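Each chain is listed here by its residues.
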2 protein chains.
Amino acid sequence: MRNPDYLSLYLVLDPELCGGERGMVETARLAVAGGASCVQLRAPQWEKSRWLSCGRALKELLAPLGVPLIVNDHADVCLALDADGLHIGQQDLPAAEARALIGPHRLLGLSVSSEQEMRAVDASLVDYVGVGPVFATPTKVDAAPAMGWGGLARALAVKPCPAVAIGGIKLPMLPQIAASGADGAAVVSAVCGQPDPRAAAAELRRCWDAARQQPGT
Amino acid sequence: MRNPDYLSLYLVLDPELCGGERGMVETARLAVAGGASCVQLRAPQWEKSRWLSCGRALKELLAPLGVPLIVNDHADVCLALDADGLHIGQQDLPAAEARALIGPHRLLGLSVSSEQEMRAVDASLVDYVGVGPVFATPTKVDAAPAMGWGGLARALAVKPCPAVAIGGIKLPMLPQIAASGADGAAVVSAVCGQPDPRAAAAELRRCWDAARQQPGT
């Protein structure tokens, strides 16, 4: 199993909060300079030529830094970009089909929103799970109901692979997320659209790293 | 170049007009019994697990009949289904990327909406073009402006590969479409949602075949 440090501060780009394609690349640049460890391209409303042009700019930025670029939903875009990974939801291509398409070496992430979905994860196919939404989020209109701290803990207790918490996550929640056993925190609005995305990411990353060093986590 | 007879009556399934996944498969079954020569799965609002389940049912129906199943937009779904082809628009994955993903043997179709776009088609990558919309259509909200008969004729005059006309096409238009030099007609609402899709397809196919046999076409 790959070292899950790339999950520490997982940035999911939001086209609207970032102000479009150029804003997404600039947000990624600043966030990674601040400490984001992974970047997901997610733009459900975009046509694929735009996914490709934005993804190419992101890859050019991230590859030299060793920061994984993960493509949401579209395995074809992931392959066309030669991206580092693909992230799928429960209603997207099933994990077996997604893994067959992207090959054995790319990262495959899967969203889970309950203990039951976590128990169904096949860790021979999936590299990491995104668990959430922990709290209500306005940045994903089709999200499942919020799990809360109890739901997060119950799901993480049975995780068969590294897990990143997602959904409404802000700085003060990071210690509890780390204590719950997550391998990282995924953020959208805590970085995208912030006045200083670099500072926001840096503060989140410092807080996460400190929380992970607490005894018992 | 493959014999373009599969383009004669090209059915594009519409989830709303057909009444969902089961209605799409049933519409395809009836339309092919009537004479549809090709079926495209197009469901821009669907998540991919649904593309996959509907596509599998369509493939099970169509493969034994030798009727090509073509997937709109999503090369990953096309590959996961092992479908016969992929259809892309001008804003989707570019033809070179699409061809690289689907391999040399699957059909690749491309939408063109002007003589200029037709001139830009690379027939070493693309098997056929869909030219249109010839007339205004309510079944594709992001369609380009209607080309009319003059625009269709100008585009077809420079086609580098077989071409199927699409967009608001009804039975009485078929003779003129054939006379314009198209290799087929693509229909949505002329079959999907009709009281008797089999009879509708049969009438369209008879009319098309008759029009193609006219001198000078």
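Quick summary incoming for the structure in this document.

Calculation notes
Residues numbered from 1 in each chain as written. Chains lettered and ligands numbered in written order. Predicted model: local features only at pLDDT ≥ 70, side-chain atom pairs only at ≥ 80, totals over all residues. Heavy atoms only, no water. Pairing = 2+ DSSP bridges. Helix = DSSP H or I, 4+ residues; strand = E, 2+ residues; numbered from the N terminus. Axes fitted to C-alpha atoms, helices over the stretch in contact; angles between N-to-C directions. Contact = heavy atoms within 4.5 Å. Buried area = accessible area lost by both parts, 1.4 Å probe. Salt bridge = Lys/Arg side-chain N within 4 Å of Asp/Glu carboxyl O. Polar contact = N/O pair within 3.5 Å; in protein donor to acceptor, adjacent residues only side chain to side chain. Buried < 20%, exposed > 50% of the residue type's maximum accessible area, 1.4 Å probe, protein only. Right-handed = clockwise from strand over helix to strand, strands pointing away. Lys, Arg positive; Asp, Glu negative; His and termini not counted. Least-squares fit on C-alpha atoms with pLDDT ≥ 70 in both.

**What to know about the sheet that holds strand 1 (residues 9-12) of chain B**
Residue and element names in this part refer to chain B. The strand order around the closed barrel formed by eight strands is 1-2-3-4-5-6-7-8, and the pairing between neighbours is parallel. Strand-to-strand twist across the sheet, computed as the mean angle between neighbouring axes with direction ignored, equals 25°. Helix 3 (residues 48-62) rests against strand 2 (38-41) and strand 3 (69-72) of the sheet, and its axis sits at about 160° to strand 3.

**Re the interface of chain B and chain A**
For an interface, size is often stated in terms of accessible area lost upon the parts coming together. The interface is formed by 19 residues belonging to chain B together with 19 residues belonging to chain A. For the pair chain B and chain A, the two sides together bury roughly 1600 Å², of which 57% comes from carbon and sulfur. Remark: the boundary between chain B and chain A carries four salt bridges. A:Glu97 is paired through a salt bridge with B:Arg56; the nearest N and O atoms lie 2.6 Å apart. Where chain B meets chain A, there are 12 residue pairs in polar contact (both at pLDDT 80 or more).

**Quick word on the pairing of strand 4 (residues 85-88) of chain A**
Residues and elements named next belong to chain A. The side-chain alternation of strand 4 yields two buried faces, one formed by Gly85 and His87 and the other by Leu86 and Ile88. Pairing between strand 3 (residues 69-72) and strand 4: three bridges, direction parallel. Counted as the bridge partner of Val71 is Leu86 from strand 4. Tracing the backbone out of strand 3, into helix 4 (residues 75-81) and back to the parallel element strand 4 gives a crossover that is right-handed. As paired strands, strand 4 and strand 5 (residues 107-112) are joined by four bridges and run parallel to one another. Each bridged residue has a counterpart across the sheet, and for Leu86 the counterpart in strand 5 is Leu108. You can see the chain leave strand 4, run along helix 5 (residues 95-102) and come back into strand 5, and the turn it takes is right-handed.

**What about the side chain of A:Asp92?**
Its location among the elements puts A:Asp92 in the loop between strand 4 and helix 5. Buried charge without a salt bridge: A:Asp92, with B:Lys48 as the nearest opposite-charge side chain at an N-O distance of 7.0 Å. At 2.7 Å, the side chain of A:Asp92 forms a polar contact with the backbone nitrogen of A:Gly89. Not counting residues up to four positions away in its chain, the partners in contact with A:Asp92 are A:Asp73, B:Glu47, B:Lys48 and B:Ser49.

**So, the relation of the copies chain B and chain A**
Each of the two copies of the chain can be brought onto the other by a rotation about an axis and a shift along it. Note on the identical chains: chain B maps onto chain A by a rotation of 180° and an axial translation of 0.0 Å, with an RMSD of 0.0 Å. The operation mapping one copy onto its partner corresponds to a two-fold rotation axis. Judged by C-alpha distance, B:Asp76 is the residue of chain B that lies nearest the rotation axis, at 2.4 Å. Taken together, the interface assignments show that 100% of the residues at the interface of chain B recur at the interface of chain A, consistent with an identical surface on both copies.

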